[in-house]
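Residue strings, one per chain:
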Amino acid sequence: MASAPSPPAGQPFVDIHTVLSDCNDGLANLRDGQQPIRAGAAGGGSSGEEKKPMPLLARQISLESGIAVLDTGKEIKRGSSRKAKADNRVLSRNGKSLGGLSAVGGDAAHRKGDFNIFRTKSTLGSRQNSLLPSRRENGPDLHRADGAPGSAGMEDRVNESVPAGRYFAALRGPELDQVRDYEDILLPKDEVWPFLLRFPIGCFGMCLGLGSQAILWGALATSPAMAFLHVTPDINFALWLIALAVFVAVAVTYTLKCIFYFEAVRREYFHPVRVNFFFAPWIACMFLAIGTPPRIAPKLLHPATWCTFIAPVFVLEIKIYGQWLSGGKRRLSKVANPSSHLSVVGNFVGAILAARVGWEEAGKFLWAVGLAHYLCVFVTLYQRLPTSEALPKELHPVYSMFIATPSAASIAWKAVYGEFDAVSRTFYFIALFLYCSLVVRINFFRGFRFSIAWWAYTFPMTTASVASIRYAEEVPCAFSKGLALSLSLMSSTMVSLLFLCTLLHAFVWRSLFPNDLAIAITKDRSGGTRSHAKEKRHAK
Amino acid sequence: MASAPSPPAGQPFVDIHTVLSDCNDGLANLRDGQQPIRAGAAGGGSSGEEKKPMPLLARQISLESGIAVLDTGKEIKRGSSRKAKADNRVLSRNGKSLGGLSAVGGDAAHRKGDFNIFRTKSTLGSRQNSLLPSRRENGPDLHRADGAPGSAGMEDRVNESVPAGRYFAALRGPELDQVRDYEDILLPKDEVWPFLLRFPIGCFGMCLGLGSQAILWGALATSPAMAFLHVTPDINFALWLIALAVFVAVAVTYTLKCIFYFEAVRREYFHPVRVNFFFAPWIACMFLAIGTPPRIAPKLLHPATWCTFIAPVFVLEIKIYGQWLSGGKRRLSKVANPSSHLSVVGNFVGAILAARVGWEEAGKFLWAVGLAHYLCVFVTLYQRLPTSEALPKELHPVYSMFIATPSAASIAWKAVYGEFDAVSRTFYFIALFLYCSLVVRINFFRGFRFSIAWWAYTFPMTTASVASIRYAEEVPCAFSKGLALSLSLMSSTMVSLLFLCTLLHAFVWRSLFPNDLAIAITKDRSGGTRSHAKEKRHAK
Amino acid sequence: MASAPSPPAGQPFVDIHTVLSDCNDGLANLRDGQQPIRAGAAGGGSSGEEKKPMPLLARQISLESGIAVLDTGKEIKRGSSRKAKADNRVLSRNGKSLGGLSAVGGDAAHRKGDFNIFRTKSTLGSRQNSLLPSRRENGPDLHRADGAPGSAGMEDRVNESVPAGRYFAALRGPELDQVRDYEDILLPKDEVWPFLLRFPIGCFGMCLGLGSQAILWGALATSPAMAFLHVTPDINFALWLIALAVFVAVAVTYTLKCIFYFEAVRREYFHPVRVNFFFAPWIACMFLAIGTPPRIAPKLLHPATWCTFIAPVFVLEIKIYGQWLSGGKRRLSKVANPSSHLSVVGNFVGAILAARVGWEEAGKFLWAVGLAHYLCVFVTLYQRLPTSEALPKELHPVYSMFIATPSAASIAWKAVYGEFDAVSRTFYFIALFLYCSLVVRINFFRGFRFSIAWWAYTFPMTTASVASIRYAEEVPCAFSKGLALSLSLMSSTMVSLLFLCTLLHAFVWRSLFPNDLAIAITKDRSGGTRSHAKEKRHAK
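Residues numbered from 1 in each chain as written. Chains lettered and ligands numbered in written order. Predicted model: local features only at pLDDT ≥ 70, side-chain atom pairs only at ≥ 80, totals over all residues. Heavy atoms only, no water.

(A) Structural view of the environment of C307(B). Residue and element names in this part refer to chain B. Here C307 lies in helix α13 (residues 303-326). On the basis of relative accessibility, which here comes to 32%, the residue C307 falls in the partly exposed class. For the pair formed by C307 and G350, sequence separation is 43 residues and the distance between their alpha carbons is 9.6 Å. (Helix = DSSP H or I, 4+ residues; strand = E, 2+ residues; numbered from the N terminus. Buried < 20%, exposed > 50% of the residue type's maximum accessible area, 1.4 Å probe, protein only.)

Listed below in structure tokens is the structure:
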């Protein structure tokens, strides 16, 4: 216990070797069937060439902030007292984390690399076919009966869907991505997990950010209101290609995760914040379709495009709005958080795309659905009900989501009804006010650690810029053009900064994909070891 | 106690003998003045020719489901063990129910038929004139002073209005129509109550269902978009006549209830779900007026029609919306439930009728009032606040109410503003989405026992069909016409099924009107016998 | 303790001697620097010529209601038993109020006049420059360190901003202006405070009431729909001059309060109800600008007018809406109360003024901002969430605020979009329905004691009247004209009554400005004397 293993320092942006070895590993595993105990140090994601001996301290802090790593590297001597403290913390946490299991006997030894619990079950037939994981939510638990101890018991704990309340109880932060101090998790915190397990659904946020940038530069190049800028359409084309490439890369990687670690995907799906990001892939697709450069796209896209991309959005909506309305514990008054806007904005983006394929009536349908649920989400978030547990106390980038929906609604109204009238204006101005309201609080945004999900928080700014361009087309005056220009610059600057930040995290600090602790929380508070929980209570 | 009385098995649909004997009984009672103790077995509603000896078990189960009765009849032998269990249950419940009263001595004997407590008070002058029962809600209790024991004390318990919280505490189910197990009620559960006491306000739901069908078939017959169907206007005429007949029958019966059992009506009025059904009679009237067959109606109805039908709706709205806003405990965040839509939809139906009588401005007024309160109800229901106690955990037919209001709003906008524009479309599409959202969850609807209130849940489907026809007139394409047609068929099928179901319950299983337990809950938890409550607590 | 001091009986409407002596006093204080202990009886506001010996009873009751004073004066003999009771109450309250302090020794003696704790700090540089008092809300407490006992410690307690929860805990009533019985306050209850301390921000309500009347009579004079009345524009002119004069007087007085008692102003700013009245001065300005009589105003006002008046509103909005959305404890679900409408209505009034200066687009922006937040406030208030602590149980004049926002929204829409179309109508009709809904409950309005804030509750009626005139212009029929006329009469009658009432309170009963207890609550429950609090708990 005291001799903590030396973990690698982090992982590069997309380490193709890792991915492939991971996949091979996974396939081998599938061939061998159920293989509960894996060799400790050879965790799927820790391919040899990446390993560098590094003190535990650095690893711990790299989880906190990429910048801290560099500082520590430079000031390693000064940090000795802090190191001792950190070591203590780690030890005590490990003690707590594994205490209950060490009682079982050597379990702790093989637990280190036991990532199989999140693997797709070998019973492929029954599991892979269930395209709708949620069906199991309230269903009978088929795996309860087999009383196999050890890893099988742990698998049990994984397979049962985690109730919404647990996520709120065990996690914290506006993105619910940090584990509370007293919480135990199923996977080791002091080890680098397989790459695919560390690849969250939030990565599609990058596609949102880049795809919307492509649209923005397309609008800047073609809008008569911005003609004075003489923006070349090539920027649009280049950005679109980059967005497409990133989308393909992220989509392929996440598909691999779906194939090999379906249990982890299920846990992301049940996560109250993450579930909204399941809209992101499809919205990103729609962004790509809307932003298609004129040189490679016909005037009107084929309606099949729209049907393909809107179908999953619609299914997800039926599912998630239904949960709000009638589904057990996931009440809107409880799960509402700024990222819920993602589940609404899809409707408006879909409406814009519908207008691009010539199906205005379908767009109007989506617009109406979006409006109804936007109302609910907007009012609920503004009220900040005491039951809304995920709402951040302080301002956070996730609040930028507030801008996305009214901006998109404004653009969509113009797209489907043909004019930037009072409704469009109203939504645009609401977005503008919220933008102001957030910008003046900009200093609150500091002090948060970077996460890949931040990418998703840039697309609202971009959407607002596009809406501003549409407004400048309608009311062509110096003020509106200046506004559109400055918003566009702000959004592009933000995306550039984030791009730089991502590159630094990926290739310099190698901390882009920290262990995704949020998916590894235990199903109940005691983590399955009730006697241990009792002890803790006694200790208090 | 052990020798439970043998109750009759149920009551037919509308047993005119029963009603009349009930009325005579009531009149006799009024003549004799206050007559607290009535002969036990001769409960007003149990007319001789209906009595059939039947085991207690069957009676109990017939309360649960009409279908169960048949099964029990066939498998009476197999059910012996179940029967013993049920008997035990009944006995123990009776024990609990009457325990406190038997201590008073012989009280239990005359309690069996003591339905006088719900009778209209003999002080006719002061009571019958109070057309607004609610005025008494916070008023001083005039009957407290007379310290007559026994039945008079019980009357006391009845006369005081039951606070909203009690209904939530004592009842359960999405319609708050089932008494919780541990609750005592004022009337015997094992006896058939007088017919009028078992005739709930929800029966007006039938008029809603049939009246809206008449409108639908009128629209199918006259709408240019549906001309390809060649529907004859005779169906409309026939349906309208049926709807009219049912309305007259229900209205007369309920008027008799108002006259003879005013206390029961008051209790229905204070019931948080039922109160919304007090809008049903007037909405049904408006449906009949709107759906008047062209052959007997002029082009424009007389404005007096509108004034007559909207006046009570308006008074009720002032009352109920005022309660939400400023009236003590009946906060919207507490009493909101899907049937609250009924209190909103009246505005939109009123707006449609206003357009039919040529008073568009009045229609616009109602539309605005409807919109404001629809917003509140919609957002509140979608949030599912933890304080909203009546919300069903599972989906239930009552959820279909969600469709009614936006559909009606859509039709009403077209009626008063003259075009099916963006607003109409938005509401129509919201209704359509909610329809989809409920239809895909159709399997959740099973497993509930039939109640007469289900009729009210068909009119939303019909309203959505009519809105679809209006939409098909605006956007005449194959898809919209097909949609209108299929929605119309679905709604007509549902009404036919429900009609069949009602006939079966009424004439075959004779279980259409079970004892209306919801109105007989005690005013406070202990049911007036505090020492008994203490004992129970000790027993625990 | 037993010999209670004989306080003066009240203060006149605007006692210019008092104000001036107060100011001189304040300036002297500023010259002398920190001067914690002031001579007891010579409280700044109690100038000699006003003092009249009067029994304690009268003083106490004059706080309750001006009318009660007269009654007591006439029936002083009959009231002897009541007097004894009241005396007891006063004594026991004083005992509680000062008990903890008397333990410190002679503190109670100089506490009587210790109003310095609310004075602007002598460190003028650091304090006066902080134009945004809220910045300190979460800032570090600079004054904590100096451990000076007595008055300095009390100053500490004043300077720290009081959390929102404390206001709800310590105060009651729909305006949160009455101290709960068990609460201790920082200033003596049995003494008349300096005039400026008793001059609340709510006085700007008078300007709202009079300014809107000026607009109403301007509309009556110029509207073609009301031409049949032949109203002379002179009434508008006279009212406008009165409104202007009152505004100047109130503004000057409140500015003096800002200068000399900035701490008291800060406490008003943190008060959950009062903070909304900080919008009142700017809305009053805008009313004056909108209602400028044609004879002295050009057709279009200069845009600078709009910019000047809307800037503070916008800054306040950014601040307050931001608090709802992301600022710590001041969640909308907690602080929402009918006066929150004041923070929304500014947008619509600003939109009307924007149209008057020719900046329609800016007006549309404000309208959109107003709409979004109106939605939130409206739904939240209608739901009456259990967390909304300030909502009155009974109806109260503050509920008239509900009418203000939709009326203003209706007028503003017509102003910025140029026609009284469906949107205008919808808002107008919503206002009309709410008006009806309140009028039928008029008898609930009785029994509340007058406060200067009532003036703010007249402007909604006036706004509704103006909206009715606009509607009558659009739909010129007998009914609409009659409605406009009767609403105008009602509003003018109400303003006249209030004017009379104010004059009576000011000059006859001299009770227009009672001690403003709400600003003097202690920061925490125990009021700094924890041992005393414990004793109280023991006593219970």
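(B) Molecular detail of the relation of the copies chain B and chain A. Aligned on chain A, chain B shows an RMSD of 0.0 Å; the corresponding rotation is 120° and the shift along the axis is 0.0 Å. Both copies are brought into coincidence by an operation consistent with a three-fold rotation axis. Measuring from the rotation axis to each C-alpha of chain B, the shortest distance belongs to V379(B), at 4.5 Å. A distinct binding surface is used by each copy, with only 15% of the interface residues of chain B retained as interface residues in chain A. (Least-squares fit on C-alpha atoms with pLDDT ≥ 70 in both. Contact = heavy atoms within 4.5 Å.)

(C) Structural context of the packing of helix α10 (residues 233-260) of chain C against helix α11 (residues 262-270) of chain C. All names here are of chain C. At their nearest, the axes of α10 and α11 sit 5 Å apart, and the two run at 105° to each other. For the element pair α10 / α11, the angle class is roughly perpendicular. Across the interface between the two elements, Y254, K257, C258 and F260 of α10 pack against F262, A264, V265 and E268 of α11. Residue composition of the contact of α10 with α11, by class: six nonpolar, no polar and two charged. (Axes fitted to C-alpha atoms, helices over the stretch in contact; angles between N-to-C directions. Parallel < 35°, antiparallel > 145°, perpendicular 65-115°, else oblique. Nonpolar A, V, L, I, M, F, W, Y, C, P; charged D, E, K, R; others polar.)

(D) Broad picture of the interface of chain B and chain C. Between chain B and chain C, the residue contacts involve 34 residues of the former and 26 residues of the latter. Carbon and sulfur atoms supply 67% of the area buried between chain B and chain C, which totals about 2600 Å² over both sides. Looking at the side of chain B facing chain C, the largest losses of area belong to I318(B), L325(B) and R331(B), adding up to 25% of the total buried there. Counting the contacts that link chain B with chain C gives one salt bridge. A salt bridge links E361(B) to R425(C), with the nearest nitrogen and oxygen atoms 3.0 Å apart. At the junction of chain B with chain C, the criterion picks out 15 residue pairs in polar contact (both at pLDDT 80 or more). Among the secondary structure elements, those contributing two or more residues to the side of chain B that touches chain C are α13, α14 (332-335), α16 (360-383) and α17 (401-417) of chain B. Counted by class, the side of chain B that touches chain C contains 18 nonpolar, ten polar and six charged residues. (Buried area = accessible area lost by both parts, 1.4 Å probe. Salt bridge = Lys/Arg side-chain N within 4 Å of Asp/Glu carboxyl O. Polar contact = N/O pair within 3.5 Å; in protein donor to acceptor, adjacent residues only side chain to side chain.)

Nothing here speaks to function; it is all geometry.
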